[in-house]
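# Overview (structure and organization)
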Amino acid sequence: MPFRPTHRQLEYLVALDATRHFGRAAERCHVSQPTLSVQLALLEKQLYVSLIERTPGAITLSPVGHQIAAAARTILSTLDEIVAIATSGRDNLGGLIRLGVVPTFGPYLLPSVLPQLHEAYPTLRLHVREDRPAFLEDQVLNGAIDCALGQKPQNEDIFTFEQICVERIFLGVSSRHRLADRKTVALKDLKSETLLTLGKGHRLLENVRELATVSGAIMAEDYEGTSLDTLRQMVSIEMGLSLFPELYALSEMIREPSIVLKEISDWPAHREIGFFWRRTSARSAHFQTLAGRTREVAQRKLRQ
């Protein structure tokens, strides 16, 4: 049988990659530093590669060490999934779900979802992490989180995506803007207008870029918003126009007198929202149940 690293060796390598310090990595793994060092040296010997680069005052992994650490995270996550499946009947959906959410959707839906989940699954723990879509995909892939709630992943071959809703995307203009009183807005009306957007890693950036291309509007390259709230404030003081997804608009802008929301008649923008997880995950049934319960809440809120 070929050599296979032990799960403890993989844990030690992942901990060292995270901490870049032998002592702190040992503390994280609840072992002595000599034990961790010996096992990592043994792992290097058994794999016939150098995993760790030691320089004065710094510890880092070699390029192949980084690759092996990434694979190790996925393997350890799969082992956790096996335990979760075994305990699912006792601990409710595996007892713990590490959930990533995009900041342009999650905060406006989860407050309505979490109480119902707690009532249905009293011992279920949800660890929620907000991040941009591109980063969430990486974290799901390497096992840092179990699943994520956001737009459909760009690489559909390696993820399962369970849609929960389709959101419309509105154009937000200041109530003092020349388009504010129009019943409809067309692409031609946006020529030479300034479009504001969120920073890199947000999918709304791609929507705004597409809108600028098809309408002749100008993207504000010198400004990148950090949140939908900052974009809303910039639009309200006539610094430009921007796009806002439906659930955010319903939650935060319904009583905002300084901004008017418009649909673009010849550019009906929308985005698919759902849960996604690794296609190879052993916990698909848990995540499908989570998606089903969340779908009911999302569609009810969007019908309001």
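Provided above is the structure to which this section pertains.
Residues numbered from 1 in each chain as written. Predicted model: local features only at pLDDT ≥ 70, side-chain atom pairs only at ≥ 80, totals over all residues. Heavy atoms only, no water.

## Let's talk about the overall build of the protein chain
When helices and strands are counted, the protein chain shows eleven helices and eleven strands. Partitioning the contacts of the protein chain with sequence separation of at least 6, the portion at a separation of at least 24 is 73%. Looking at the protein chain as shown, the accessible area adds up to about 15,300 Å², and 52% of this sits on carbon and sulfur atoms. For the protein chain, the distance from the average site of its 36 positive side-chain charges to the average site of its 35 negative ones is 3 Å. (Helix = DSSP H or I, 4+ residues; strand = E, 2+ residues; numbered from the N terminus. Contact = heavy atoms within 4.5 Å. Areas by Shrake-Rupley, 256 points an atom, 1.4 Å probe, with all protein chains shown as cover. Lys, Arg positive; Asp, Glu negative; His and termini not counted. Charge placed at Lys NZ, Arg CZ, Asp CG, Glu CD.)

## Points about the nonpolar core
With 66 residues, the main nonpolar core has F105, L149, I164, L190 and F275 as its most contacted residues. Sequence-distant contacts of L149, that is, excluding residues within four places in its chain, are made with L99, G100, V101, V102, F105, L110, I164, I273, G274 and F275. In this structure, L13, A25, A26 and A69 belong to the second largest nonpolar core, which totals 16 residues. (Core = buried A, V, L, I, M, F, W, Y, C linked by side-chain atoms within 4.5 Å. Buried < 20%, exposed > 50% of the residue type's maximum accessible area, 1.4 Å probe, protein only.)

## Comments concerning the packing of aromatic side chains
The final tally for this structure, using the stated rule, is four aromatic pairs. Centre to centre, the rings of Y108 and Y248 are 5.0 Å apart; their planes meet at 80 degrees, and the pair counts as edge-to-face. Here Y108, found in helix α6 (residues 106-120), pairs with Y248, found in helix α10 (residues 246-253); they are 140 residues apart in sequence, far enough to count as distant. Y248 carries the same exposure label as Y108, and that label is buried. Between the aromatic rings of W277 and F287, the centroid separation amounts to 5.4 Å while the plane-to-plane angle is 50 degrees, which identifies the pairing as tilted. Note that W277 is positioned in strand β11 (residues 270-278) and F287 in helix α11 (residues 284-302), a separation of ten residues in sequence. Assigned by exposure class, W277 and F287 land together as buried. (Phe/Tyr/Trp six-rings, centres within 6.5 Å; stacked < 30°, edge-to-face > 60°.)

## Thoughts on the pattern of salt bridges
Under the criterion given, the structure shown has 16 salt bridges. In this structure, the salt-bridge partner of D146 is R283, at a minimum N-O distance of 3.7 Å. Of this pair, D146 sits in the loop between α7 (133-141) and β5 (147-151) while R283 sits in the loop between β11 and α11, and the two are 137 residues apart along the sequence. Taking relative accessible area as the criterion, D146 reaches 5% and is therefore assigned buried. Among the residues examined, R283 registers a relative accessible area of 3% and is labelled buried. One salt-bridge network, held together by shared partners, links D17, R20 and R73. (Salt bridge = Lys/Arg side-chain N within 4 Å of Asp/Glu carboxyl O.)

## Some remarks on the packing of helix α9 (residues 228-236) against α10
Remark: α9 packs on α10, axes separated minimally by 12 Å, with the N-to-C direction vectors making an angle of 70 degrees. Classed by the angle they form, the pair α9 and α10 counts as roughly perpendicular. α10 is crossed by α9, and the crossing has right-handed handedness. The residues of α10 that touch α9, namely those facing L228, D229 and R232, are Y248, E252 and M253. (Axes fitted to C-alpha atoms, helices over the stretch in contact; angles between N-to-C directions. Parallel < 35°, antiparallel > 145°, perpendicular 65-115°, else oblique. Left-handed = near helix turned anticlockwise from the far one by under 90°.)

## Describing the state of the cysteines
For the coordinates displayed, the defined rule picks out zero disulfides. Not engaged in a disulfide, the cysteine C147 finds its nearest cysteine sulfur in C165; these two sulfurs lie 15 Å apart. Residue class for C147 comes out buried when judged on its relative accessible area of 0%. (Disulfide = S-S within 2.5 Å.)

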